[in-house]
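One letter stands for each residue in the lines below.
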Amino acid sequence: MLDYVLDFAKISYNKYTESICGDFYYKETTEDGTTLVLSDGLGSGVKANILATLTSQILGTLLSGGMLLEDAVFTTVQTLPMCRERKLAYATFVAARIQKYKVYLAQFDNPPVILLRGGKSISHESARFFIQEKEIWESTVPLLSDDMLFLMTDGVTNAGIDSEIGKELGHGEVVRLLEQWYKPEVSAAWLGARLMNACLCLYDGKPKDDITLLTLQLRERKAVNIIIGPPENPNEDDKILNMFFGKKGKHVVCGGSTAKMVSKFLKAPLVPLENTSSEGIPAMAKIEGVDLVTEGIITLKNIPKLIHEYEKNAIILLELEKRKDGAAMLTRMLIEDATDINIYLGNAVNHSHQEDGLGIDIVSKLKLVQEIGESLEKIGKKVKISMC
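All figures in this text were calculated on a predicted structure; none of them were measured in a lab.

Analysis parameters
- Residues numbered from 1 in each chain as written.
- Predicted model: local features only at pLDDT ≥ 70, side-chain atom pairs only at ≥ 80, totals over all residues.
- Heavy atoms only, no water.
- Phe/Tyr/Trp six-rings, centres within 6.5 Å; stacked < 30°, edge-to-face > 60°.
- Helix = DSSP H or I, 4+ residues; strand = E, 2+ residues; numbered from the N terminus.
- Buried < 20%, exposed > 50% of the residue type's maximum accessible area, 1.4 Å probe, protein only.
- Lys NZ or Arg CZ within 6 Å of the ring centre and 35° of its normal.
- Salt bridge = Lys/Arg side-chain N within 4 Å of Asp/Glu carboxyl O.
- Axes fitted to C-alpha atoms, helices over the stretch in contact; angles between N-to-C directions.
- Parallel < 35°, antiparallel > 145°, perpendicular 65-115°, else oblique.
- Contact = heavy atoms within 4.5 Å.
- Nonpolar A, V, L, I, M, F, W, Y, C, P; charged D, E, K, R; others polar.
- Core = buried A, V, L, I, M, F, W, Y, C linked by side-chain atoms within 4.5 Å.
- Left-handed = near helix turned anticlockwise from the far one by under 90°.
- Expected span 1.5 Å × (residues − 1).
- Arc of directions from axis to C-beta.
- Pairing = 2+ DSSP bridges.
- Patch = residues over 30% accessible without salt bridge, like charges linked within 9 Å, V, L, I, M, F, W, Y side chains within 5 Å.
- Areas by Shrake-Rupley, 256 points an atom, 1.4 Å probe, with all protein chains shown as cover.

S.K.: When you look at the packing of aromatic side chains in this model, what are you seeing that I'm missing?
M.R.: Geometry of an aromatic ring pair is reported as the spacing of the ring centres plus the angle between the planes. With the rule as written, the count across this model stands at five aromatic pairs. Plain terms: the ring middles of Phe8 and Tyr25 are 5.4 Å apart, the flat faces sit at 45° to each other, and that makes the pair tilted. With Phe8 in strand 1 (residues 5-13) and Tyr25 in strand 2 (residues 23-30), this residue pair connects regions lying 17 residues apart in the sequence. Take Phe8: its relative accessible area is 17%, and that puts it in the buried class. Consider the rings of Phe93 and Phe108, whose centres lie 5.8 Å apart with planes at 50°: the pair is tilted. Of this pair, Phe93 sits in strand 4 (residues 91-99) while Phe108 is found in strand 5 (residues 102-108), placing the two residues 15 residues apart along the sequence. Site record: aromatic cluster; members linked through ring pairs are Phe244, Phe245, Phe265 and Tyr344. Looking at Lys27, its charged tip hangs above the ring of Phe8, at a distance of 5.2 Å from the centre.

S.K.: How should I be thinking about the pattern of salt bridges in this particular structure?
M.R.: Note on pairing: side chains with opposite charge can pair once their charged atoms come close. Under the definition given, this model contains ten salt bridges. The partner of Arg221 in a salt bridge is Asp340, with the nearest N and O atoms 2.8 Å apart. With Arg221 in the loop between strand 11 (211-219) and strand 12 (223-228) and Asp340 in strand 17 (residues 340-345), this pair connects stretches of sequence that are 119 residues apart. According to the relative accessible area criterion, Asp340 is buried, its value standing at 13%. Each of Asp7, Arg219 and Lys381 takes part in one network of salt bridges that share partners.

S.K.: Quick question: what am I supposed to make of the packing of helix 6 (residues 237-245) against helix 7 (residues 256-266) here?
M.R.: Packed helix pairs are characterised by how far apart their axes lie and by the angle those axes make with each other. For the pair helix 6 and helix 7, interaxial distance at closest approach is 11 Å and the crossing angle is 85°. Relative to helix 7, the element helix 6 lies roughly perpendicular. Facing helix 6, whose interface residues are Asp237, Asp238, Leu241, Asn242 and Phe245, helix 7 presents Met261, Val262, Phe265 and Leu266. Residues belonging to the contact of helix 6 with helix 7 are distributed by class as follows: six nonpolar, one polar and two charged.

S.K.: What's the story with the environment of Asp154 in this structure? I'm lost.
M.R.: Looking at the secondary structure, you find Asp154 in helix 3 (residues 154-157). Residue class for Asp154 comes out partly exposed when judged on its relative accessible area of 27%. With residues up to four places along the chain from it excluded, the contact list for Asp154 reads Asp40, Pro111 and Asp209.

S.K.: Whenever I open this one, the nonpolar core confuses me. Can you help?
M.R.: Side chains of nonpolar character tend, in soluble globular proteins, to be buried together. Ranked by internal contacts, the top residues of the largest apolar core, which has 65 residues, are Phe150, Leu191, Ile226, Tyr310 and Leu330. If one sorts the elements of this core by residue count, helix 5 (residues 188-202) sits on top with ten residues. Those residues in contact with Ile226 that sit more than four places away from it in its chain are Phe244, Val252, Cys254, Leu330, Leu334, Ile341, Asn342, Ile343 and Tyr344. The next biggest cluster of nonpolar side chains, apart from the first, holds 21 residues, and it includes Leu59, Leu69, Leu80 and Phe93.

S.K.: I would appreciate a short explanation of the packing of helix 4 (residues 171-181) against helix 5 in the present structure.
M.R.: Helix 5 packs onto helix 4 with a crossing angle of 130° between their chain directions and a minimal axis gap of 10 Å. Overall, the two elements helix 4 and helix 5 adopt an arrangement that is oblique. The chirality of how helix 4 crosses helix 5 is right-handed. Residues Val174, Leu178 and Trp181 of helix 4 touch helix 5, and the partners they reach there are Trp190, Leu191, Arg194, Leu195 and Ala198. In the contact of helix 4 with helix 5, the residues fall into seven nonpolar, no polar and one charged.

S.K.: Which parts of the structure should I look at to understand helix 13 (residues 362-378)?
M.R.: Because an α-helix completes one turn every 3.6 residues, residues spaced three or four positions apart along the sequence face the same direction. Compared with the 24 Å implied by 1.5 Å per residue over 17 residues, the 24 Å span of helix 13 between its first and last C-alpha is a close match. Turning to helix 13, its buried residues number three or more, namely Lys365, Leu368, Val369, Ile372, Gly373, Ser375 and Leu376. Taken down its axis, helix 13 places every buried residue within 165° of arc, on the same side. Summarising the geometry of helix 13, the exposed residues directed more than 90 degrees from the buried face are Val363, Lys367 and Lys378. The elements touched by buried residues of helix 13 are strand 12, helix 8 (297-300), helix 9 (303-312), helix 11 (326-337), strand 17 and strand 18 (382-387). Positioned one or two residues after helix 13, Gly380 has a phi angle of 95°, which is positive.

S.K.: When you look at the pairing of strand 9 (residues 134-142) in this model, what are you seeing that I'm missing?
M.R.: Along any regular strand, the residues point their side chains to alternate faces of the sheet. Taken together, the six bridges between strand 5 and strand 9 define a ladder with antiparallel strand orientation. Note that in strand 9 the partner of Leu105 across the bridge is Ser139. Sheet topology places strand 8 (residues 127-131) next to strand 9; five bridges connect them, and they run antiparallel. Bridge pairing in strand 9 links Ala127 to Glu138.

S.K.: How should I be thinking about a nonpolar patch on the surface in this particular structure?
M.R.: Taken together, the side chains of Ile362, Val363, Ile385 and Met387 define a hydrophobic patch exposed on the protein surface, amounting to about 320 Å² of accessible area. Looking at the secondary structure, you find Met387 in strand 18.

In short, the description is geometric, and any link to function would need to be established separately.
Here you go:
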């Protein structure tokens with residue numbers, strides 16, 4: 001098992017006249033490490049998508065399998081179809097291979113990878129060589145905890161080139177913005193979302209090119225512990241809560257009856273929070289000693305959908321940041337704060353659910369929690385569900 005956690009996020013938009021993206025990425029994680037290849041196909045639309053897909057998948061598979069870069073690039077180039085108009089048979093690419101605490105980078109015609117360490121861009125030496133008349137830049141860089149990597153296509157650096165300002169964003173300005181927006185508590189995914197939002201503004205909401213940004217962050221393990229519902233046996237309340245609060249990390253309480261139980265255990269009042277509800281999502285509360293107190297089932301039902309939207313496009317983090325309801329707050333915490341999620345699901349029957357006609361029983365609650373767990377595992381989180 002890897003001794004670090006590598007958070008990954010994707011943000012991508014098609015050229016506004018196209019229904020399919022001409023950028024494509026390949027990602028594979030094995031016991032040996034993580035391989036990531038981002039490719040920008042020649043032109044746009046279907047042809048570009050085919051070139052980018054073939055490039056990223058072939059090159060990624062070969063590099064992940066341990067093939068040397070020169071052999072992998074040669075094989076990829078030989079496989080790609082020829083563009084009749086431009087007489088070129090390639091797509092640009094940037095490949096990253098993360099093993100232990102180092103990253104190997106290989107770049108061809110893509111904007112250089114940005115490595116942010118403590119909020120500052122870290123320069124690294126690169127060696128230039130040629131494969132099949134293609135100029136490749138190669139480097140190996142040590143990684144430290146909380147280092148952030150940003151891989152992008154030129155749709156990012158070219159943003160604004162045809163706008164009123166008449167000047168592209170440029171790689172240097174991208175670096176400056178990331179450094180300016182950085183704070184120790186923000187994630188690489190959030191920085192990427194903000195950068196993409198800036199690109200969209202420069203394109204006036206109509207990208208003149210496909211734009212793709214991938215973020216990676218090397219993180220220490222951090223847990224978020226969630227308790228949903230009281231234990232089946234009321235005599236075990238204190239035992240379960242001692243175990244729950246004994247866990248390192250943040251603590252989240254979901255559900256009214258759960259909150260009352262925790263309030264009694266901690267000898268701290270349960271205080272309703274104003275302006276924390278939204279359409280269809282009940283308000284939150286506060287208990288001293290608890291990081292987040294939300295309503296139960298209605299709030300939790302929103303989590304899988306929000307996680308799925310993040311998986312498709314991490315720019316949703318900017319929307320979640322504006323919202324103050326329990327579903328948004330909990331989703332952000334799970335995405336940005338947690339690498340490991342421990343869920344304690346109480347088996348006690350909630351009589352209020354029987355009376356309000358929601359038809360919520362322990363089987364449906366377990367199904368919902370499993371759905372939440374599956375959605376989190378898809379974005380690289382480690383989830384453990386314990387019944388109590």
